[in-house]
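# Architecture at a glance
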Amino acid sequence: MRVKTLKGAFLTVNRVAKKVLKEKIRETKILDEENGIFYTDYSIFLVHFVKTVDKTFKMAFPEIARQIFWDEGIKINKKVIFRFARIKNDDKKKLSILFVLNNGDILQISPLSLISFCEGTNLIIEDGGVHYFFPTIFLTRLVGNPAKNELIAKNKLSLVAQINGLEMVDEVEEVDELTAVPIRDFDIDWVGEFLRILKGIDMRLEAIEKQLKERRNNEKN
C-alpha cells in the first residue's frame, strides 16, 4: 500500500500500532505536512512522513558514505527534532521517532540517538532550513523487508565492528546466502563506537596502502 500524505502515514502507524509497537494510541497531533505525534500510555512517537528516501547522502558526505558502505539517507528539520526531544513529558514516557516511507515501511530511532549521531558526525545540511541527514542503514526496521543491498551493507559493517572488537549485533539471520546482521537502535555511547570504527577503517586502509607500496618497491628491487 502506497503512502502519499501524512494522513496516510498516520493510518499506517495506527494499523500496525498494536501488533508492532505493542501499544494503543490514545491521542494524535499534526505538526505540519510531514510531521505529527502519537501519544500512547507509555510512549510518545514523532511520525515523520518520508516522501522519498534521499539518495544524495553520498554526494553530501562522500567520506562517511564510503566508510559505512551506504549512500541513502533521510532529511529531517533540526528544529522539529529538538522540539520533540524537549516535549512536555511529565510521565517520563519513552520518546521515539517513526519514519514512514511511501511504500509503507516504518523505520525507528530515538531522538537522542539521532541528535547525538548527527551532531557527533556533523551530518547537518542546509536545504530550505537546517536539516539532519541521517543514513537509513542505522535505523531499526519495524515494518517492511530490507533490500539485498541493505543486508550486504549491514554485513560489511558487522565484520568491521567485529574486527575492531565492538559489539554491534543482536542476532544473525540467513537471507539469500548472506548473513543479515540487524544493528540495534543505539544509544548516545554508540557515537563514540562509530567514530572508533571509522578510525579503525582508516588505519587499516593506511596499513594496506603501506604494504602495497612496500611490495611494489621490493618488486622493483
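Residues numbered from 1 in each chain as written. Predicted model: local features only at pLDDT ≥ 70, side-chain atom pairs only at ≥ 80, totals over all residues. Heavy atoms only, no water.

Moving on: the overall build of the protein chain. The number of helices and strands found in the protein chain is seven helices and eleven strands. Put simply, the protein chain has 221 residues, and 45% of those count as buried. Relative to all contacts within the protein chain whose residues are 6 or more apart in sequence, the contacts with residues 24 or more apart total 61%. Roughly 12,900 Å² of accessible area belongs to the protein chain as shown, and the carbon and sulfur atoms make up 50% of that amount. (Helix = DSSP H or I, 4+ residues; strand = E, 2+ residues; numbered from the N terminus. Buried < 20%, exposed > 50% of the residue type's maximum accessible area, 1.4 Å probe, protein only. Contact = heavy atoms within 4.5 Å. Areas by Shrake-Rupley, 256 points an atom, 1.4 Å probe, with all protein chains shown as cover.)

Within this structure, the stated rule accounts for ten salt bridges. One salt bridge connects Arg26 with Asp41, and the closest N-O pair in it is separated by 3.0 Å. Of this pair, Arg26 sits in strand E1 (residues 25-30) while Asp41 sits in the loop between strand E2 (35-40) and strand E3 (43-50), and the two are 15 residues apart along the sequence. Glu63 serves as the salt-bridge partner of Arg66, at 2.4 Å between the closest nitrogen and oxygen. Note that Arg66 and Glu63 are positioned in helix H3 (residues 62-68) at a spacing of three residues, about one turn of the helix. Exposure remark for Arg66: the relative accessible area of 41% places this residue in the partly exposed category. We classify Glu63 as partly exposed; its relative accessible area is 40%. Where salt bridges share partners, they join Asp105, Arg141, Glu150 and Lys154 into one cluster. (Salt bridge = Lys/Arg side-chain N within 4 Å of Asp/Glu carboxyl O.)

What follows is about the sheet that holds strand E4 (residues 73-77). What the three strands build is an open sheet, ordered E4-E8-E7; its pairing is antiparallel. Two strands bound the open sheet, and with one partner strand each, they are E4 and strand E7 (124-126). Averaged over all adjacent pairs, the angle separating strand axes in this sheet is 35°, with direction ignored. As paired elements, E7 and strand E8 (residues 130-135) share three bridges and run antiparallel to each other. Bridged to Glu126 within E8 is Val130. Its contacts with the sheet put helix H5 (residues 111-121) on E7 and E8, and the angle it makes with E8 is roughly 100°. (Pairing = 2+ DSSP bridges. Axes fitted to C-alpha atoms, helices over the stretch in contact; angles between N-to-C directions.)

With that settled, consider the confidence of the model for the protein chain. Per-residue pLDDT for the protein chain averages 80, and the proportion of residues at 70 or more is 73%. Overall, residues 166-190 carries pLDDT values under 50, and its contacts beyond four positions in sequence, including any with other chains, amount to 56 contacts. (pLDDT = per-residue confidence, 0-100.)

With mixed pairing, the six strands of this open sheet are ordered in space as E1-E2-E3-E5-E6-E9. The open sheet has two edge strands, E1 and strand E9 (140-143), and neither has a second partner. Across the sheet, the mean angle separating the axes of adjacent strands is 30° when strand polarity is ignored. Sheet topology note: the strand E6 (residues 106-109)/E9 ladder contains three bridges and is antiparallel. Note that in E9 the partner of Gln108 across the bridge is Thr140. In this fold H5 packs onto strand E5 (94-101) and E6, with an angle of close to 75° to the strand it touches most, E5.

Counting 36 residues, the largest nonpolar core has Phe99 and Leu114 as its most contacted members. The contact partners of Leu114, leaving out residues within four places of it in the chain, are Ile81, Ile97, Phe99, Ile109, Tyr132 and Phe134. If you look at the next biggest cluster of nonpolar residues, it comprises 16 residues, including Ala9, Val13, Val100 and Ile106. (Core = buried A, V, L, I, M, F, W, Y, C linked by side-chain atoms within 4.5 Å.)

Of all eleven residues that make up H5, eight are buried, and the element is covered over most of its length. Turning to H5, its buried residues are Pro111, Ser113, Leu114, Ile115, Ser116, Phe117, Cys118 and Thr121.

Attention shifts here to the environment of Ala9. Inspection of the secondary structure puts Ala9 in helix H1 (residues 6-21). The class for Ala9 is buried, based on a relative accessible area of 0%. Spatially, the C-alpha atoms of Ala9 and Gly36 are 9.3 Å apart, while their sequence positions differ by 27 residues.

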